[in-house]
Structures are given as structure tokens and as C-alpha cells.
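Inside the fold
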Amino acid sequence: YYPGSDGLELFYATEGSGEPLVFCYGLVCSSLHWTYQIDHFKNSHRAIWFDYRGHHNSKTPQDLGTITVPYFAEDLRALFDHLKIERATLLGHSMGVSVALEFAHRYPERVKGLVLANGTAQRPLETLLHNFNLLPMGFELLCKFYETSPWLFRQAWALQKGNAFARAIVRMAGFNPHLASQEDIERYVSQIEEMDPGIFLQILKNYHSHDATAWLHTIQAPTLIISGDEDLITPPQQQRILNELMAHSKMVNIHHGSHCPQMD
């Protein structure tokens, strides 16, 4: 454990030795989403990951309003300081792309390179499922439901545990079910079910307001952008926008890749 940017106790893990690689996972995710890359790179690098505030092994702040992308970036800076890391390559997936970009924007001298998988610089709900424009409205209704009846919302959330239909939607929307490990998918769905709905809504609300397009062009670190050509969550055109706005980037598209091509 280490003290985050405001002293909150946060969890991290480090494996291997050598040049540091720091892995940032996505919304309602965990280190599970980087399992295969961590297992591979720990043989030649120092592989590091941490749990965001309010997630898994890390403590939850009293003020849920601090569960935001900027706070995650500052907690990452605190981890660099704790481990005495001067510079590292950051690997971000989905929302972790926003965390990595925010860190690179605030602390460019500490970033050697970026690997950005299936992320976006814009408001994610507006491009989810290829611009299905009812989603932002639906999310606003969910937030109002939680604000007015938090107990009832939590009960409804709990009822989804084990729901076969909900699990099938997650499998089809987030993964290529023909390529990804079924055990990995089931573990991920279980993690979603265990997430506190208040934390989920708070971070999704902040993530949806995060927009890096105004300053992407200032990032000088060499960047690899990865997309999955069958990604429904963050469609490939969002990675193309990143590629167009970042002068020192190149993009690779994974054939048959889902929102989690690193797990397919």
C-alpha cells in the first residue's frame, strides 16, 4: 500500500525488474484486463499496476466526489514518487487511456511512452454503440434514480447478480466470446456485480465529462494506439481521432478485436 495524492491508502503491485511499465485499467475493471501482458512483460520489465481509489483493494474516500480521472492521475503521480520512478511507459485500456493521457498532460517529463488501447479523448457515452444517442439521456435518468432513491437503486442493482441476460450482454458487447477466455469473462462480470453502484455512477459521470481533445496535440511521448475493429464500447473511429490529434502516434487495428483485444 502507499498514500495517494491526499493520503488515502491505495493498493499497488509490482512484478519483475528493469524498465518500468505502468498498467492502468478501465471503468469497473481490474488488473484482470492486463493479466496476459503483465505475465509476459514481468520477465523483462518491472510491471506495475494499482487499484484506483474506491476500487478493489484500495480504500474508498469519504468524499466520493474525489473518485475522478484527475484524482486517478494524481494518485499515479504519488505512486511514481513512492516507488522513486522518474520516467515510465504507461499502458492504458478504455478509461485507463484517459488516466494515462491526463497523467501525460500534467507530467510530460515523467512519461517515456504511451500504449493506448480502446480509449477515447471525448465523452464516451456519446460514441458508445456507434453513437446510440439515447445513452446519455438514459444515464442521466439512472443518476436521478440513485440520487432520489439510493436504497431502491441498490436493491435493483443487487437483483442483477447472476442475471443470465445481463451477463450475455456484457460478454457480447465487451469481448469477442469466440476468442476470449470464458473464465476471464465470468470473473469480470462478477467484479461488475460486486462494484458499489454509487462508485460506478460517480466515476462514469466524471469519465463522461473528461475531454482531452483540446490538448492532445501537446503530448510529445511516442504513442502506440490500439483498436479492435469490432469494438462496440469505444468504436475504432475514436482511436483514429486520437491518432490524428497526436503527432507522435501510430495506430494498429486488431482484426476481430473487441473492446478488450488484449484479452481476445
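Everything that follows concerns the structure shown earlier in this document.
On a predicted model such as this, the values are computed, not experimentally measured, just so you know.

Turning our attention to the sheet that holds strand 7 (residues 111-117). In space, the seven strands of this open sheet follow the order 3-5-4-6-7-8-9, with mixed pairing throughout. Both edges of this open sheet fall to strand 3 (12-15) and strand 9 (249-254), since each of them pairs with a single strand only. Along the sheet, successive strands turn relative to each other by an average axial angle of 20 degrees, direction set aside. Sheet topology places strand 8 (residues 223-228) next to strand 9; six bridges connect them, and they run parallel. Bridged to Thr223 within strand 9 is Ser249. Lying over the sheet, helix 3 (residues 95-106) contacts strand 4 (20-24), strand 6 (88-93) and strand 7, oriented at roughly 160 degrees with respect to strand 7.

Where helix 2 (residues 69-83) meets helix 9 (residues 197-209), the closest approach of the two axes is 9 Å, and the angle between their N-to-C directions is 95 degrees. In terms of axis orientation, helix 2 runs roughly perpendicular to helix 9. Of the residues in helix 9, those touching helix 2 at Val69, Pro70 and Phe72 are Ile203, Asn206 and Tyr207. Class assignment for the residues of the contact of helix 2 with helix 9 results in five nonpolar, one polar and no charged.

Here we come to helix 2. Since the α-helix packs 3.6 residues into each turn, any two residues three or four apart lie on the same face. Under the 1.5 Å per step criterion, the end-to-end length of helix 2 is 21 Å for 15 residues, consistent within 8% with the ideal 21 Å. Looking at helix 2, one finds that the buried residues are Val69, Phe72, Ala73, Glu74, Asp75, Leu76, Ala78, Leu79, Phe80 and Leu83. Two residues or fewer past helix 2, Lys84 is found with a positive phi of approximately 55 degrees.

This part is about the pattern of salt bridges. For side chains bearing opposite charge, pairing can occur when the charged atoms are close. Summed over the entire model, instances satisfying the criterion amount to 11 salt bridges. Arg77 is the partner of Asp81 in a salt bridge, and the nearest nitrogen-oxygen pair spans 3.0 Å. Here the residue Asp81 and the residue Arg77 both occupy positions in helix 2, the gap between them amounting to four residues, near one helical turn.

Thresholds, definitions, all that
Residues numbered from 1 in each chain as written. Predicted model: local features only at pLDDT ≥ 70, side-chain atom pairs only at ≥ 80, totals over all residues. Heavy atoms only, no water. Pairing = 2+ DSSP bridges. Helix = DSSP H or I, 4+ residues; strand = E, 2+ residues; numbered from the N terminus. Axes fitted to C-alpha atoms, helices over the stretch in contact; angles between N-to-C directions. Contact = heavy atoms within 4.5 Å. Parallel < 35°, antiparallel > 145°, perpendicular 65-115°, else oblique. Nonpolar A, V, L, I, M, F, W, Y, C, P; charged D, E, K, R; others polar. Expected span 1.5 Å × (residues − 1). Buried < 20%, exposed > 50% of the residue type's maximum accessible area, 1.4 Å probe, protein only. Salt bridge = Lys/Arg side-chain N within 4 Å of Asp/Glu carboxyl O.

Geometry only, nothing functional implied.
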